[in-house]
Structures are given as structure tokens and as C-alpha cells.
Amino acid sequence: MEAPRCETIAIDAKRAKEIEQVVDTIPTLEIGKLFKVLSDATRLRIAYALTVEDELCVCDVSASVDCSIATASHHLRTLLKQGLVKYRKEGKVVYYSLDDYHVSSLVHLAMEHVNEGKATS
């Protein structure tokens, strides 16, 4: 599907400059990394599992998203490195949870968007 385009070029230079100044203030690289991390299906499933349950150990994450413990651990490490999850250790067991409500909000907003039929393949 091709995106519709203007049939004429009429740039409002002042407006474009004002918008550019606002757009230039956003941390695009960091936001891009965040979405890149969540673009992996397994990591997204893990993040969603952690919205269902406040905290899960690696074994429960593994069973919940149907992957090996090694795979779950790898993805949790990636999510941790990017600041999306945090952990606490209780004896020999490590429990993971979402770092804050923003992560949960991102996952839920994305699901709402897709469920409304707005996302395309």
C-alpha cells in the first residue's frame, strides 16, 4: 500500500522550523533502542507476562512464554540491560518485575492499537 502524497508542494517554512526544534529535543536513539528491544516477540511476551503477574522467577517466565530457561534468562538480561525490568534475589531464586508502570503502559497501548485493527503486517 502506497502512502498518499500531496499533489503540490507548499511548505510552511516557519511552522516546519518550529516543529523541527521540538522534534530535535526528543531522545530518538534511546527511544529507538526501547522499541527495538520490545520488537522481539519473546521479549514482548515476557514483558506482557510481567504485566499479568507482578514478578516471576526465570523458571516461571520460561514456562509462561514457552521457551527454555536459557532463552528466558538471555531475554531477561537484555530487558534488564535496557532498563525495562528489575530483579530481586531471594536465596537462590531470582525474581524479575517490570521496572515501572511505563513499560506496562507501552505493552498495553500496543495491544490496544493492534486489537483496534490499526497495525498492519
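The structure under discussion appears in the preceding block.
This one's a predicted model, so the numbers in the text were calculated from it and none came from an experiment.

**Student:** An account of the pairing of strand β2 (residues 85-90) is needed here, citing residue identities and associated values.
**Tutor:** As defined by bridge partners, β2 adjoins strand β3 (residues 93-98) across 6 bridges and the pair is classed as antiparallel. Bridge pairing in β3 links Glu 90 to Val 93.

**Student:** So what's going on with the side chain of His 75? Residues and values would help.
**Tutor:** Along the chain, His 75 falls in helix α5 (residues 69-81). Not counting chain neighbours up to four residues away, the residues in contact with His 75 comprise Asp 40, Thr 42, Arg 43 and Ile 46.

**Student:** Lay out the environment of Ser 97 with the relevant residues and their values.
**Tutor:** Relative to the helices and strands, Ser 97 is located in strand β3. Residue classification places Ser 97 among the buried residues on the basis of a relative accessible area of 12%. Residues Ser 97 and Glu 55, 42 residues apart in the sequence, show an inter-C-alpha distance of 4.4 Å. Residues contacting Ser 97, with those up to four places away along its chain left out, are Leu 50, Asp 54, Glu 55, Leu 84, Val 85 and Lys 86.

**Student:** Lay out helix α4 (residues 58-65) in plain terms, naming residues and giving numbers.
**Tutor:** If you check which residues of α4 are buried, you get Val 58, Val 61, Ser 62 and Val 65. Take α4 and look down its axis: the buried residues cluster within an arc of 100°, on one side only. Residues of α4 that are buried in the fold lie against α3 (41-52), β1 (56-57), α5 and β3. Looking one or two places after α4, you find Asp 66, whose phi comes out positive at around 55°.

**Student:** Account for the sheet that holds β3, naming residues and giving values.
**Tutor:** Strands sit in the order β1-β3-β2 across an open sheet of 3 strands; the sheet is antiparallel. Two strands lie at the open edges of the sheet, namely β1 and β2, each paired on one side alone. One ladder, built from 2 bridges, connects β1 with β3; its direction is antiparallel. Of the residues in β3, the one forming a bridge with Cys 57 is Tyr 95. The sheet contacts of α5 involve β2 and β3, and relative to β2 the element is tilted by about 120°.

**Student:** Tell me what's going on with the pattern of salt bridges, and back it up with residues and numbers.
**Tutor:** Taken as a whole and assessed by the stated rule, the structure comprises 5 salt bridges. The salt bridge involving Lys 14 is made with Glu 18; its shortest N-O contact spans 3.8 Å. Here Lys 14 pairs with Glu 18, and both are found in helix α1 (residues 13-23), just 4 residues apart, close to one helical turn. Accessibility expressed as a relative area gives 62% for Lys 14, which makes it exposed. For Glu 18, a relative accessible area of 43% translates into the label partly exposed. Between Glu 55 and Arg 88 there is a salt bridge, with its nearest N and O atoms 2.6 Å apart. In this pair, Glu 55 is assigned in the loop between α3 and β1 and Arg 88 in strand β2, connecting sequence segments 33 residues apart. A relative accessible area of 29% means that Glu 55 is categorised as partly exposed. Within this structure, Glu 55, Arg 88 and Glu 90 form a network of salt bridges that share partners.

Here is what the cut-offs are and how they apply
- Residues numbered from 1 in each chain as written.
- Predicted model: local features only at pLDDT ≥ 70, side-chain atom pairs only at ≥ 80, totals over all residues.
- Heavy atoms only, no water.
- Pairing = 2+ DSSP bridges.
- Helix = DSSP H or I, 4+ residues; strand = E, 2+ residues; numbered from the N terminus.
- Contact = heavy atoms within 4.5 Å.
- Buried < 20%, exposed > 50% of the residue type's maximum accessible area, 1.4 Å probe, protein only.
- Arc of directions from axis to C-beta.
- Axes fitted to C-alpha atoms, helices over the stretch in contact; angles between N-to-C directions.
- Salt bridge = Lys/Arg side-chain N within 4 Å of Asp/Glu carboxyl O.

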